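Residue-level listing of the chains:
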Amino acid sequence: MPADLSPIDKAKFVAAKRAAKMVESGMRVGLGTGSTAAWLVRCLGEMVREEGLKITGVPTSSRTAALARDVGIEVISLDEARWLDLTIDGADEFDEKLNLIKGGGGALLMEKIVATASDQMVVIADGSKEVETLGAFPLPVEVIPFGWQTTRLLIEETLIGLDVLGRTTALRMNGEAPYVTDEGNHILDLHLNRIGNARQLSLVLNQIPGVVENGLFIDICDAVVIGHGDGRVEMRNLATGETTSESYDFVEDGNAFSDMTD
Ligand code: 5RP
């Protein structure tokens, strides 16, 4: 692990490193998607290879599945696992109640199914993801390709009656072609700027024909691990209200860090 990571990557890495300590042998673990979750998967792989950690992982995307197999984690499907002990995933935004916007990496559907099928969901994030009110990050909505333009119009019409500040929508692209999710769907990014009532918006969006799922995760996340570029990590547990912190020190010894507190 190079010590010359950018501050943002250090922040993501220390959050992932700390969250990996919550994983115990025998657990079925949901593995999130995105750059922060990729650090987690690498950390868990190292624990499997070097410390004898025995886990099965349920990935939330084909990208994460490939990485998990690469680093030595046994991968099973959610249908095989049925229920998970813990899911650890990144987020695009989280608020004080640990409600989230997810889907920046296009995996919101599998991420929501996996997180909901878990006893615990823990978000790992750098400090920039914390917001007072959700909505500055465009809200991803997964829609089926059939009639997606009609679905988009219905969404835009629905937004008129809702407590949001912006109402433009954009089809997510992958170069010249629409982005296609692992489930074969498209993503509409809703530029809302500020979401006044995230619970209501989530319910209303999911009632529109053609919408498969939206990126609002309401009452799903149990705890957040927030990393900072200087090695500090803060953990907040929603149920207990407890906040704890520790610190990692990056050293130039070929391995990235030493834990200063344990
Ligand atoms: C993927 C996600 C990611 O968790 C989210 O986009 C955060 O990504 P990153 O860790 O790269 O900032 O929801 O669908």
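Computed from a prediction, not measured in an experiment: that's the story for all the values here.

1. A closer look at the packing of helix α1 (residues 7–20) against helix α2 (residues 35–51)
For step 1, the next point in the chain: At a closest axis distance of 8 Å, the pairing of α1 and α2 adopts a crossing angle of 45°. Regarding the angle of α1 to α2, the classification is oblique. As α1 runs across α2, the sense of the crossing is right-handed. Residues D9, K12, F13, A16, K17, A19 and A20 of α1 touch α2, and the partners they reach there are S35, T36, W39, L40, C43, L44, E46 and M47.
For step 2, the next point in the chain: When grouped by side-chain class, the residues that make up the contact of α1 with α2 number nine nonpolar, two polar and four charged.

2. Here we look at the site of the ligand
For step 1, the next point in the chain: Surveying the vicinity of the ligand reveals 17 residues, the closest of which are S35, T36, D92, G103 and K129.
For step 2, the next point in the chain: Between the ligand and T36 there is a distance of 2.5 Å, counted from an oxygen atom to a side-chain nitrogen or oxygen.
For step 3, the next point in the chain: Taken by itself the ligand offers 380 Å² of open surface, and the protein chains cover 91% of this.
For step 4, the next point in the chain: Residue composition of the shell around the ligand, by class: two nonpolar, nine polar and six charged.

3. Brief notes about the packing of aromatic side chains
Given two aromatic rings, their pairing is described by the distance between the two centres and the angle made by the two planes.
For step 1, the next point in the chain: Across all of its chains, the model carries one aromatic pair by this definition.
For step 2, the next point in the chain: For the pair F13 and W39, a centre-to-centre distance of 5.4 Å together with 70° between the ring planes defines the contact as edge-to-face. Here F13, found in helix α1, pairs with W39, found in helix α2; they are 26 residues apart in sequence, far enough to count as distant. Side by side, F13 and W39 carry an identical accessibility label, which is buried.
For step 3, the next point in the chain: Over the ring of W39 we find R42; its NZ or CZ atom is 4.7 Å from the centre of that ring.

4. A look at α1
For step 1, the next point in the chain: Taking 1.5 Å per residue as the helical rise, α1 with its 14 residues ought to reach 20 Å, and the 20 Å between its terminal C-alpha atoms agrees with that figure.
For step 2, the next point in the chain: Most of α1 sits inside the fold, with eleven of its 14 residues counted as buried.

5. What about the nonpolar core?
For step 1, the next point in the chain: Ranked by size, the top nonpolar core spans 33 residues in total, and within it V23, L40 and L44 carry the most contacts.
For step 2, the next point in the chain: With sequence-adjacent residues up to four places away left out, V23 is seen in contact with V29, L44, M47, L53, I55, L86 and I88.

6. Re the confidence of the model for the chain
For step 1, the next point in the chain: Confidence in the prediction for the chain averages 95 pLDDT; 94% of positions are at 70 or higher.
For step 2, the next point in the chain: The low-confidence segment residues 258–262 (pLDDT under 50) makes 13 contacts with residues lying over four places distant or belonging to another chain.

7. Things to note about the packing of α2 against helix α3 (residues 62–71)
Helices that pack against each other are described as a pair by the angle of their axes relative to one another and the distance between those axes.
For step 1, the next point in the chain: At a closest axis distance of 8 Å, the pairing of α2 and α3 adopts a crossing angle of 25°. As judged from the angle between their axes, α2 and α3 are roughly parallel. Considering only the axes of α2 and α3, their crossing is right-handed. The residues of α3 that touch α2, namely those facing A38, V41, R42, G45 and R49, are T64, L67, A68 and V71.
For step 2, the next point in the chain: Residues that form the contact of α2 with α3 fall into these classes: five nonpolar, two polar and two charged.

8. Observations regarding the pairing of strand β1 (residues 28–31)
For step 1, the next point in the chain: Here β1 runs beside strand β2 (residues 56–59); their pairing, made up of four bridges, is parallel. Bridge assignment links L31 to a residue of β2, and that residue is P59.
For step 2, the next point in the chain: Handedness of the crossover is the feature at issue here: the chain leaves β1, passes through α2, returns alongside β2, and the resulting connection is right-handed.
For step 3, the next point in the chain: As defined by bridge partners, β1 adjoins strand β4 (residues 84–89) across three bridges and the pair is classed as parallel. Bridging across to β4, V29 finds its partner in L86.

Each value, and the rule that gives it
Residues numbered from 1 in each chain as written. Predicted model: local features only at pLDDT ≥ 70, side-chain atom pairs only at ≥ 80, totals over all residues. Heavy atoms only, no water. Axes fitted to C-alpha atoms, helices over the stretch in contact; angles between N-to-C directions. Helix = DSSP H or I, 4+ residues; strand = E, 2+ residues; numbered from the N terminus. Parallel < 35°, antiparallel > 145°, perpendicular 65-115°, else oblique. Left-handed = near helix turned anticlockwise from the far one by under 90°. Contact = heavy atoms within 4.5 Å. Nonpolar A, V, L, I, M, F, W, Y, C, P; charged D, E, K, R; others polar. Near = heavy atom within 4 Å. Polar contact = N/O pair within 3.5 Å; in protein donor to acceptor, adjacent residues only side chain to side chain. Areas by Shrake-Rupley, 256 points an atom, 1.4 Å probe, with all protein chains shown as cover. Phe/Tyr/Trp six-rings, centres within 6.5 Å; stacked < 30°, edge-to-face > 60°. Buried < 20%, exposed > 50% of the residue type's maximum accessible area, 1.4 Å probe, protein only. Lys NZ or Arg CZ within 6 Å of the ring centre and 35° of its normal. Expected span 1.5 Å × (residues − 1). Core = buried A, V, L, I, M, F, W, Y, C linked by side-chain atoms within 4.5 Å. pLDDT = per-residue confidence, 0-100. Pairing = 2+ DSSP bridges. Right-handed = clockwise from strand over helix to strand, strands pointing away.

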